[in-house]
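Fold and geometry: a report
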Amino acid sequence: MKFMKLGSKPDSFQTDGDNVRYVATELTTDIVVNVGSVKFYLHKFPLLSKSSRLQKLVSNTNEENTDEINIHDIPGGPAAFEICAKFCYGMTVTLNAYNVVGARCAAEYLEMYETVEKGNLIYKIEVFLNSSIFRSWKDSIIVLQTTKSLFPWSEELKVVSHCLDSIASKACIETARVEWSYTYNRKKLSSENGHEPLWNGVRKLPTVPNDWWVEDLCELQLDLYKRVITTIKAKRKISSDIIGEALHAYALRRLPGFSKGVIQGGDVLKCRSVVETIVRLLPTEKGSVPCGFLLKLLRATMSLECGEVERHELMRRISQQLAEATVVDLLIRAPADETAIYDIDIVQSLVEDFLTNEQTAQIDPLIESELQEIRSPRFGTDVSKCSVAKLVDGYLAEIARDPNLPLSKFVNLAEMVSSFSRPSHDGIYRAIDMFLKEHPGISKSERKRICRLMDCRKLSADACMHAVQNERLPLRTVVQVLFFEQVRATTTAGNSTPNLPGSIRALLPGNGSHGSSRSTTTNTEEDWDAVPTAEDIKALKGELATLRLGSGGVGSNRSDGAKSINADRAAANKKGLIMPKKMFSKLWSSKDRSGSCEISSSETSESPGSTNAEETKSSTPSARSGRHSLS
């Protein structure tokens with residue numbers, strides 16, 4: 001810290017209690033100066049020789065035949081006046097960043113100008129400020145903090161503006177020219193941890209991070225911090241992401257619990273003011289602030305009941321960067337008067353805004369180019385949609401644990417991203433399974449409705465393995481999973497898909513035939529929506545395994561497998577759940593019509609052996625085409 005000593009005489013100011021100051025000298029004091037609640041017993045001559053204001057005040061007291069003057073409105077109070085008085089006596093005074101502004105304002109009040117005496121206090125303080133204080137990084141910050149209690153004097157004397165310019169200029173300087181100390185605890189550099197890197201055996205100079213100034217500014221009060229950041233931004237030399245990092249650091253320092261997404265304790269009005277100010281200071285450049293930070297700010301605006309303007313601004317910016325969010329970021333607690341745990345409406349609004357942005361971008365090429373600036377390079381339009389779809393899937397899996405979550409909200413949010421292309425539907429399957437687990441009392445129609453959200457063709461092998469043994473899924477869904485897994489196994493093993501019966505070939509994408517309408521057993525809608533038992537699943541596996549044997553099995557293996565399959569089919573016959581090839585074709589036909597993973601409400605079945613032998617041996621090009629399109 002910089003300091004300056006004035007005067008050479010010993011300090012002879014004495015105290016008598018808390019409210020009396022006097023000079024220990026042989027000369028009797030002849031004037032009493034009342035500053036606030038403190039009385040100063042002093043001598044006229046040293047004071048009047050340097051202060052024009054005291055000259056006027058003493059002149060007035062002479063006319064009133066009194067030896068007391070009152071200056072209760074002096075900036076800096078008794079402490080600042082004592083510095084000025086000691087200077088008048090020539091006593092040693094030490095000025096530093098903590099007291100220099102108070103002394104400067106008090107000297108201005110007392111009119112200690114050069115016209116009164118050469119080398120007066122105002123001149124000396126100005127030299128100290130310009131030559132030392134404003135050239136020091138941390139001293140400038142300390143001085144700026146002290147100006148708050150000295151308004152409007154510090155403002156009128158341009159001390160505040162000089163501090164702002166000094167701080168902003170140093171923050172904008174090239175990092176290679178930073179030679180002063182600074183605070184940086186957020187992410188320790190290797191050199192600061194005692195592990196300085198070596199280059200050709202020579203210890204390298206420590207690297208100064210681009211955001212080296214961020215933490216020191218967090219010490220400032222909100223109004224001063226706002227003015228500093230505004231001044232820095234006006235210089236246009238600091239990148240917007242560094243400004244965003246500075247605002248994030250300030251939020252962490254000033255908002256208790258902000259890092260956890262919940263504001264805990266503290267003055268509500270003060271915290272609200274902090275959040276609203278930070279939102280207004282956010283850089284206008286798109287994508288300059290991480291989406292996670294924006295979502296934490298959104299949580300804070302909701303819990304602190306901030307203004308609608310700030311909330312809408314955050315919603316707009318978050319929707320533009322939604323692809324960068326994480327599931328944890330979106331887990332915003334619902335208001336206390338709601339039964340649900342999480343606020344699903346806010347997430348739905350974000351997804352709606354994201355969809356609006358995407359649709360607008362497709363219409364207007366100029367907006368599309370602007371949106372490209374918003375996204376980081378790895379987030380193109382299609383990739384963004386895929387990321388948002390995966391994000392929503394993960395979010396649904398988390399909120400599905402809430403027993404009070406309405407099915408309608410779950411389905412509505414899932415359907416908003418249903419058109420987004422993504423390679424796997426494992427995420428939405430996991431969410432559906434979690435919802436069914438936590439809501440066992442939902443009706444069969446509701447169970448059927450929620451299972452329509454996933455495409456069984458896009459489940460991974462592990463997800464299929466789990467699904468076919470999942471007792472919470474309707475029978476129709478298990479059947480589809482088994483069928484698509486069978487087709488995948490057939491194509492992976494290199495067997496010829498065209499060897500499947502014609503009715504099964506009709507199930508594959510790209511084939512127009514929906515198979516024969518012959519049937520011997522009819523399953524009702526209630527049967528299809530029922531939860532299958534282990535015996536049902538075993539029988540279904542047997543039916544599907546018949547297809548693989550028919551197209552690829554040979555020799556004794558085929559014979560042995562047929563015995564096992566016949567047993568499974570017999571079990572299925574007893575339960576009235578025979579679902580051979582013609583039934584599957586109608587299931588696919590129903591799926592084609594509905595556009596979802598749904599089985600027709602009334603299906604027919606027939607024995608696999610009833611299929612025409614010529615149809616079984618068929619190997620038409622259309623069948624091959626279906627196989628390749630599936631794989």
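No experiment lies behind these values; they were computed from the predicted model shown.

**Description of the packing of helix 20 (residues 426–438) against helix 21 (residues 444–451)**
Where helix 20 meets helix 21, the closest approach of the two axes is 10 Å, and the angle between their N-to-C directions is 165°. Comparing the axis directions of helix 20 and helix 21 gives the class roughly antiparallel. In this structure, helix 20 crosses over helix 21, and the sense of that crossing is right-handed. Contacts between helix 20 and helix 21 involve Ile432, Phe435 and Leu436 on the former and, on the latter, Arg447, Ile450 and Cys451.

**Some details on the pattern of salt bridges**
A pair can form between side chains of opposite charge whenever their charged atoms are brought close. Inspection of the entire model under this criterion finds 21 salt bridges. Here Arg422 and Asp393 are joined by a salt bridge, their closest N and O atoms 2.9 Å apart. Here Arg422 is found in the loop between helix 19 (407–416) and helix 20, whereas its partner Asp393 is found in helix 18 (residues 381–399), with 29 residues between them in sequence. Classification of Arg422 as buried rests on a relative accessible area of 3%. For Asp393, a relative accessible area of 3% corresponds to the buried category. Members of the salt-bridge network, linked through shared partners, are Asp11, Arg21, Glu82 and Lys86.

**Focus: the side chain of Arg21**
Relative to the assigned elements, Arg21 resides in strand 3 (residues 20–23). On the basis of relative accessibility, which here comes to 18%, the residue Arg21 falls in the buried class. Side-chain polar atoms of Arg21 contact the backbone oxygen of Asp18, separated by 3.3 Å. Discounting residues that sit within four places of it in the chain, Arg21 has contacts with Phe13, Gln14, Thr15, Val38, Lys39, Phe40, Tyr41 and Glu82.

**Considerations on the nonpolar core**
By size, the foremost hydrophobic cluster in this structure holds 164 residues, and its most contacted members are Leu42, Phe81, Trp213, Leu217, Ile232 and Phe410. With sequence-adjacent residues up to four places away left out, Leu217 is seen in contact with Trp137, Ile141, Ile167, Tyr225, Val228, Ile232 and Tyr250.

**Concerning the confidence of the model for the protein**
Detailed reading of predicted coordinates is not advised where the pLDDT is low. Of the residues in the protein, 71% reach a pLDDT of 70 or more, and the chain-wide mean stands at 78. Taken together, the stretch residues 189–195 has pLDDT below 50 and engages in 10 contacts with residues farther than four places along the chain or on a different chain. Counting contacts from residues 375–379, a segment whose pLDDT is below 50, to residues more than four positions away or on other chains yields 13 contacts.

**A few points about helix 13 (residues 291–303)**
Here helix 13 is 13 residues long and its end C-alpha atoms lie 19 Å apart, about the 18 Å a rise of 1.5 Å per residue gives. Burial analysis of helix 13 places 10 of its 13 residues in the buried class, which makes it a mostly covered element.

**Some thoughts on unusual backbone geometry**
The peptide bond linking Phe151 to Pro152 adopts the cis configuration, its omega dihedral lying at 0°. On the secondary structure map, Pro152 appears in the loop between helix 6 (137–147) and helix 7 (153–156). Phi angles above zero are rare outside glycine, and Glu111 is one such case at about 60°. Position of Glu111 among the secondary structure elements: in the loop between helix 4 (100–109) and helix 5 (121–131). Judged by relative accessible area, Glu111 falls into the buried class, the value being 16%. The backbone phi angle of Arg236 is positive, close to 55°, even though this residue is not glycine.

**Re the pairing of strand 4 (residues 31–35)**
Extensive coverage of strand 4 is indicated by the burial of 5 of its 5 residues. Neither face of strand 4 is open: one carries Ile31, Val33 and Val35, the other Val32 and Asn34, and all of them are buried. Bridge count for strand 4 against strand 5 (residues 38–42) is 5 bridges, and the pairing is antiparallel. Across the sheet, residue Val33 finds its bridge partner in strand 5, namely Phe40. Connecting the antiparallel pair strand 4 and strand 5 is a turn made up of 2 residues, with Gly36 showing a positive phi of about 65°. The pairing of strand 4 with strand 6 (residues 68–70) spans 3 bridges and is parallel.

**Structural notes on the sheet that holds strand 6**
Strand order across the open sheet formed by 5 strands is 2-3-5-4-6, with mixed pairing between neighbours. Strands at the two margins of the open sheet, each flanked by one partner only, are strand 2 (13–15) and strand 6. With strand direction ignored, the average angle separating the axes of adjacent strands in the sheet is 25°. In the packing of helix 3 (residues 77–89) onto the sheet, the strands contacted are strand 2, strand 3, strand 4 and strand 5, and the crossing angle to strand 5 comes to about 10°.

**Structural notes on the packing of aromatic side chains**
Under the criterion given, the structure shown has 11 aromatic pairs. Judged by centre distance (5.0 Å) and plane angle (65°), the rings of Phe40 and Phe81 are edge-to-face. Here Phe40 is found in strand 5, whereas its partner Phe81 is found in helix 3, with 41 residues between them in sequence. The exposure class of Phe40 is buried, given its relative accessible area of 0%. Note on Phe81: relative accessible area 1%, which makes it buried. Ring plane angle 65° and centroid distance 5.3 Å describe the contact between Phe483 and Phe484, whose orientation is recorded as edge-to-face. Assigned by exposure class, Phe483 and Phe484 land together as buried. Through successive ring pairs, a cluster of aromatic residues spans Trp137, Trp180, Tyr182 and Trp212. Of note, Lys50 hangs over the ring of Phe87, and the distance from its end group to the ring centre comes to 6.0 Å. When the ring centre of Tyr109 is taken as reference, the NZ or CZ atom of Arg53 above it lies at 4.0 Å.

Conventions adopted
Residues numbered from 1 in each chain as written. Predicted model: local features only at pLDDT ≥ 70, side-chain atom pairs only at ≥ 80, totals over all residues. Heavy atoms only, no water. Axes fitted to C-alpha atoms, helices over the stretch in contact; angles between N-to-C directions. Helix = DSSP H or I, 4+ residues; strand = E, 2+ residues; numbered from the N terminus. Parallel < 35°, antiparallel > 145°, perpendicular 65-115°, else oblique. Left-handed = near helix turned anticlockwise from the far one by under 90°. Contact = heavy atoms within 4.5 Å. Salt bridge = Lys/Arg side-chain N within 4 Å of Asp/Glu carboxyl O. Buried < 20%, exposed > 50% of the residue type's maximum accessible area, 1.4 Å probe, protein only. Polar contact = N/O pair within 3.5 Å; in protein donor to acceptor, adjacent residues only side chain to side chain. Core = buried A, V, L, I, M, F, W, Y, C linked by side-chain atoms within 4.5 Å. pLDDT = per-residue confidence, 0-100. Expected span 1.5 Å × (residues − 1). Pairing = 2+ DSSP bridges. Phe/Tyr/Trp six-rings, centres within 6.5 Å; stacked < 30°, edge-to-face > 60°. Lys NZ or Arg CZ within 6 Å of the ring centre and 35° of its normal.

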